[in-house]
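Residue-level structural notes
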Amino acid sequence: MAISDAKWIREKAIEHTEFFRNSIPLIASENLISPMTKEMMISDLNNRYAEGLPGHRYYQGNKIVDEIETRTEDLVKSLFRAKQADVRPISGTNANQAIVFSLSSPGDKIMSPSLDDGAHISSAEFGAVGMRGLNITHMAFNSEYMKIDVDETKKLIIREKPKICLFGFSVFLFPAPIKELKETMDEVGCKVWYDGAHVLGLIAGKRFQDPLREGADLITGSTHKTFPGPQHGIILGNTDDETWKKVRRGVFPGVISNHHLGAMAGLGITSAEMMEFGESYADQIINNAKTLAQEMHSLGFDVIAEKNGFTESHTILVNVKSKGGGKFVAETLERNSIILNKNMIPGDSNKKSQDPSGIRIGTQEVTRIGMGRSEMIQIANLINEALNGKDVRGDVRDLKSNFTEVKYCYGREDAYEFISLFK
Ligand SMILES: Cc1ncc(COP(=O)(O)O)c(C=O)c1O
């Protein structure tokens, strides 16, 4: 029985892989790892523990792990021009937990955007921030432009005097105004924390914004959204030694024990690849998002933030209330092998999160496989046709069959040679 269960799961994984091979992936938080990064996920690193920091471990057998981790930290610091880096968090949420645990106490005030305005659940009452017992107030937001309202937020910062200002969005369409708010934040002496989970790859590619130069003390992030690495997390710092020491302790022993060493090494490899390919990758991601937004707008879709040029990132947000709502649209597209998610849009606060008015679309994964302007135009048309009742599965498969390789990374040939070494 057990062997048949195991085989069943393996067959299902193959079926899943096949399904995605023939689909258009537009979820804004997903991506594909490179062949060399993939190798790290099957190497012996995945079987090991390495609690603590290089040179200060609790187990034996970590000599080479220490070398890899030190090199990965150095690569990451150089890529992001960061004074400090911690490559141990195992996800973006986990990195956020480490910050919350190390730099705040229950009852402290934190200011962040609201969920309705596109923030992530980890910063909500019922997420990591709220569960730490922090007192959350929200920044003012201009939903027509999908941007934090600088003047109103300045007033709120002066009134509330938060201990931490957190800038982070799951619908991160436009740069956060750190520079504009920096003087006010300094006036009240708050820490500036930037949650770059979604836009980390754009920042690595020197696009979107440069939070550490604009005044952020700390950046947290996922390493698998626009940053096309393994599912893992990261913390970058430009802060004083004492704060950094607390953050390090917040990570271990605060919120992790072992830090998934294959993924950590994969993060190092992806960082090296982003040094070489990151700028052209980020450029193309953003160009593709702008093209897709414009094309959908031309086809009559209500793409949000028209007045602000729709987007400066990998993401676009579309109000599909008139097309049956987010749930109906996302499910209809899924039946047509176009994979994206339903999403809350501004004004949805009294709607159920399972039935919001919008959809969210990300271009980082289709860009990763080499798609450009003409494919974005085709995708907009396929979405439109599917929602008008046409079965587009065959057209999706045909389009996708021309894009079978991961780009903006080192080659398959090199990697496959290595894979045999890990057998
Ligand atoms: C702004 C933001 N922070 C944190 C996270 C959580 O990242 P992870 O899924 O790596 O835990 C997300 C996930 O989408 C996010 O959008």
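Everything here concerns the structure above.
Keep in mind it's a predicted model, so treat the numbers as computed, not measured.

A closer look at the packing of helix α12 (residues 326-335) against helix α14 (residues 373-387)
Running from N to C, α12 and α14 point in directions that differ by 105°, and their axes come no closer than 10 Å. Relative to α14, the element α12 lies roughly perpendicular. Together, V329, T332 and L333 of α12 and I383, A386 and L387 of α14 make up the contact between the two elements. Looking at the contact of α12 with α14 residue by residue, the classes come out as five nonpolar, one polar and no charged.

Description of a nonpolar patch on the surface
Taken together, the side chains of Y49, Y58 and Y59 make up a nonpolar region of the molecular surface, amounting to roughly 360 Å² of accessible area. Its place among the elements puts Y49 in the loop between α2 (35-42) and β2 (52-53).

Digging into the site of the ligand
Lining the immediate environment of the ligand, one finds 13 residues, of which G92, T93, S170, D195 and S222 sit closest. Contact between the ligand and S91: an oxygen atom at 3.3 Å from a side-chain N or O atom of the residue. D195 is positioned such that a nitrogen or oxygen atom in its side chain is 2.6 Å from a nitrogen atom of the ligand. Considered on its own, the ligand offers 390 Å² of accessible surface; in the complex 86% of this is hidden by protein. No other element matches helix α4 (residues 92-103), which puts three residues into the shell around the ligand. The residue makeup of the shell around the ligand, split by class, is two nonpolar, nine polar and two charged.

Some points on the layout of surface pockets
Taken as a whole, the largest pocket holds about 1100 Å³ of empty space. Together, 30 residues line the largest pocket, and N31, L32, I33, K38 and E365 are the ones closest to its centre. Elements represented by at least two residues in the lining of the largest pocket include exactly α1 (2-21), α2, α15 (393-401) and α16 (412-421). A class-by-class count of the residues in the lining of the largest pocket yields 13 nonpolar, ten polar and seven charged. The space that makes up the second largest pocket amounts to roughly 650 Å³. Taken together, 33 residues line the second largest pocket, and the ones lying closest to its centre are A119, H120, I121, S170 and N343. Mapped by element, the contributors of at least two residues to the lining of the second largest pocket are α4 and β16 (341-343). Of the residues contributing to the lining of the second largest pocket, the split by class is 13 nonpolar, 14 polar and six charged.

Procedures and definitions
Residues numbered from 1 in each chain as written. Predicted model: local features only at pLDDT ≥ 70, side-chain atom pairs only at ≥ 80, totals over all residues. Heavy atoms only, no water. Axes fitted to C-alpha atoms, helices over the stretch in contact; angles between N-to-C directions. Helix = DSSP H or I, 4+ residues; strand = E, 2+ residues; numbered from the N terminus. Parallel < 35°, antiparallel > 145°, perpendicular 65-115°, else oblique. Contact = heavy atoms within 4.5 Å. Nonpolar A, V, L, I, M, F, W, Y, C, P; charged D, E, K, R; others polar. Patch = residues over 30% accessible without salt bridge, like charges linked within 9 Å, V, L, I, M, F, W, Y side chains within 5 Å. Areas by Shrake-Rupley, 256 points an atom, 1.4 Å probe, with all protein chains shown as cover. Salt bridge = Lys/Arg side-chain N within 4 Å of Asp/Glu carboxyl O. Near = heavy atom within 4 Å. Polar contact = N/O pair within 3.5 Å; in protein donor to acceptor, adjacent residues only side chain to side chain. 1 Å grid on protein atoms, 1.4 Å probe; cavity = no way out; pocket = protein on both sides within 12 Å on 5 of 7 lines; lining within 4 Å. Points joined across faces, edges and corners; volume = space filled by probe spheres on them.

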